[in-house]
Amino acid sequence: MRVTLWARSPPGALRAEVGDGRGSGCLGDRVKDPDAFWSLAPPREGPRRWGLRALLVPRPISPFPAHPMAPHQPWLLLLLLAWPPPGSSETRYQPGDPVVLYVNKVGPYHNPQETYHYYQLPVCSPEKIRHKSLSLGEVLDGDRMAESMYQLRFRESVEKTVLCVKTLTLDQVERLRQAIEELYYFEFVVDDIPLRGFVGYMEESGFLPHSHKIGLWTHLDFHLEWNGDRIIYANVSVRDVKPHSLDDVHGPGPLSLTYTYSVRWSETASERRGERRGRGDDGGFFPRTLEIHWLSIINSMVLVFLLVGFVVVILMRVLKNDLARYNLDEEASSSSGDDFDQGDNGWKIIHTDVFRFPPCRSLLCAVLGVGSQFLALGTGIIAMALLGMFNVHRHGAINSAAILLYALTCCISGYVSSNFYRQVGGERWVWNIVLTTSLFSAPFFVTWSVVNSVHWANGSTQALPATTILLLLTVWLLVGFPLTVIGGIFGKNRAGPFDAPCRTKNIAREIPPQPWYKATLVHMTIGGFLPFSAISVELYYIFATVWGREQYTLYGILFFVFAILLSVGACISIALTYFQLSGEDYRWWWRSVLSAGSTGVFIFLYSVFYYSRRSNMSGAVQTVEFFGYSLLTGYVFFLMLGTVSFFASLKFIRYIYVNLKMD
């Protein structure tokens, strides 16, 4: 049974197909529209999990055109919100059934985000290119899968079969030579299993004389393992293959190449792919360094626990002595009838100013609202990972979940911002909501526009199609922004009076001159460096995963480090706030946000160090994307840790002044 929904949008068509897709074909193959459209497709086998899929059928040469999506299709948004966590969808085969092998993308090995469609290289390609339907996360990840010319049949081995005979011009040979020199790798996909290998072979040896050899792999060996009616493992190899040399190709005439391949099937005792993938689903194509990871993380945790314990013990001891001395002085002052402020100093004397509302209250509340949203978003992503809802071998799973959670958690930012804004006496709550919803979305849109434009200009598959852009914009307009407004309305209506244990005088007290070590910049340096030191080791592995070739799976460790980061940020903020109040400086509101929020600056500085010293990334495309999104990441950590820092300081200040005996 198949149900087809049509929604015309000139000059193309926007359509959705719902059906029971069995066999090795893909939904939408019969459609002749050469541009992109969206389809709703279930997995071929296994649990019935519905999901929004983007079926891309671009022209073989960049940058993958797509017709604009009609903005009056609200059901697309509902389909996105119904997107479940990605799961496994293994296809079951009978002996002799065709197994579709998809070509995906190519790109420099050291630039993970610089990818291009496989058919942009002068390689064997069918006359009519048919693309596979992709999930939203896969599109965001730069995947563009298309059917290949390789003929694979389940459990049928073949030896050195001719794929095609390709005639290359001198310009095409030069393109291949340049790709090999830049260490281009390719990625194929068979039954959701990625196969990776290098496009060619390069060897450099000696100084005098210097030899530089470049060869192209024209033969590929596919090794697949099966158990019952399922494919358990797949790999591609060139181990016993001699590359075709491109060093002597300089004549004006064309170069004729014969591409061949072999397929070898074998039975395995493993019943699940996870068991077989224990030694690496890519056959060791990407490195693994998890052994060092554990020792480094344990060392970092011990240092952090010592730091937090030291701060808590010292601070509580000093605070206990302060409360005892101040309360004793208050009793003596009351018995003698002296004025309350005479002979007093420290944080007690500013009790009538410590709760004086700061300038730029609307901006402060917006920061707290968006920071709370990202706290919920980060916690939700890690919790979903701990529950096993992400498959590390499935492209774009976390990207899809992050977009969905960001849209749904917009109500948190609106509620927290509007609620606190009303508590501190704000009246322009509509402007506060607009500021809250644009505090992150505006910088993100600017950054993404620059990065996406660079990708589009270079023909990279990381450039999003127009339909994907309009879909994401629709999600924000119809889900994110309305939820922010709804959360703001609830927050405004449920806001109570500001719980201040001390009355605030109308005239502000003069702040005495402060020593240099109590300056804002010094507090930001201390408050940012200590939380950063708590995550510096883990940060390397996160960078190696996002900007490298690692596959991160230690989500339990990540959750523990995330909790330590928040704890250190809160403790350092409390300590710095106490030292600031002890100097009779009551301007703690923004200072508390900046102290731990400056961790974002250290994270960005670390990204500069990682790019220059720990990676081999290069080129304008990768550089723009790396620094653009690294800057955005530092901004997110500033909002998140600034929020934790502020509420920790507010709780601490209320605690010490509630326990202080005053008239």
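Residues numbered from 1 in each chain as written. Predicted model: local features only at pLDDT ≥ 70, side-chain atom pairs only at ≥ 80, totals over all residues. Heavy atoms only, no water.

> When you look at the overall build of the protein in this model, what are you seeing that I'm missing?
The number of helices and strands found in the protein is 15 helices and 19 strands. Burial analysis of the protein (663 residues in total) assigns 54% to the buried set. (Helix = DSSP H or I, 4+ residues; strand = E, 2+ residues; numbered from the N terminus. Buried < 20%, exposed > 50% of the residue type's maximum accessible area, 1.4 Å probe, protein only.)

> Sorry, what's going on with the sheet that holds strand β18 (residues 244-245) here?
Working definition: the strands of a sheet are paired by backbone hydrogen bonds and lie parallel or antiparallel to each other. One open sheet accounts for three strands, arranged β14-β15-β18; its pairing is antiparallel. Strand pairing shows two members of the sheet lacking a second neighbour, β14 (200-205) and β18, which therefore form its edges. Summarising the sheet, β14 and strand β15 (residues 211-216) pair through six bridges and their orientation is antiparallel. In the sheet register, Glu203 faces β15, and the bridge partner there is Lys213. Packing against the sheet, helix α3 (residues 170-181) makes contact with β14 and β15, and its axis sits at approximately 115° to β15. (Pairing = 2+ DSSP bridges. Contact = heavy atoms within 4.5 Å. Axes fitted to C-alpha atoms, helices over the stretch in contact; angles between N-to-C directions.)

> How do you make sense of the sheet that holds strand β11 (residues 158-168) when you look at a structure like this?
What the four strands build is an open sheet, ordered β11-β19-β16-β17; its pairing is mixed. What marks the edges here is a single partner per strand, and that holds for β11 and β17 (230-237). Direction aside, the axes of adjacent strands within the sheet are offset by 20° on average. Strand direction decides the pairing type here: strand β16 (residues 219-227) and β17, joined by seven bridges, are antiparallel. Across the sheet, residue His223 finds its bridge partner in β17, namely Asn235. Against the sheet, α3 makes contact with β11 and β19 (255-267), and its axis sits at roughly 125° relative to β11, the strand it touches most.

> Which parts of the structure should I look at to understand a nonpolar patch on the surface?
A cluster of nonpolar side chains, Phe310, Val313, Ile314 and Val318, forms an exposed patch at the surface whose accessible area comes to about 360 Å². Look at Val318 and you get partly exposed, because its relative accessible area is 33%. (Patch = residues over 30% accessible without salt bridge, like charges linked within 9 Å, V, L, I, M, F, W, Y side chains within 5 Å. Areas by Shrake-Rupley, 256 points an atom, 1.4 Å probe, with all protein chains shown as cover. Salt bridge = Lys/Arg side-chain N within 4 Å of Asp/Glu carboxyl O.)

> Whenever I open this one, the pairing of strand β12 (residues 184-190) confuses me. Can you help?
When a strand is regular, its side chains alternate between the sheet's two faces. In terms of residue burial, β12 counts as a mostly covered element, since seven of its seven residues are buried. Burial along β12 is two-sided: Tyr184, Phe186, Phe188 and Val190 facing one way and Tyr185, Glu187 and Val189 facing the other are all buried. Two elements, strand β6 (residues 101-108) and β12, share seven bridges in a ladder whose sense is antiparallel. Residue Tyr102 lies in a different strand from β12, and its bridge partner there is Val189. Counting the residues that bridge the hairpin from β12 to strand β13 (residues 193-198) gives two residues, and of these Asp191 lies at a positive phi of roughly 55°.

Note that every value here comes from positions in space, so none of it alone points to a role or purpose.
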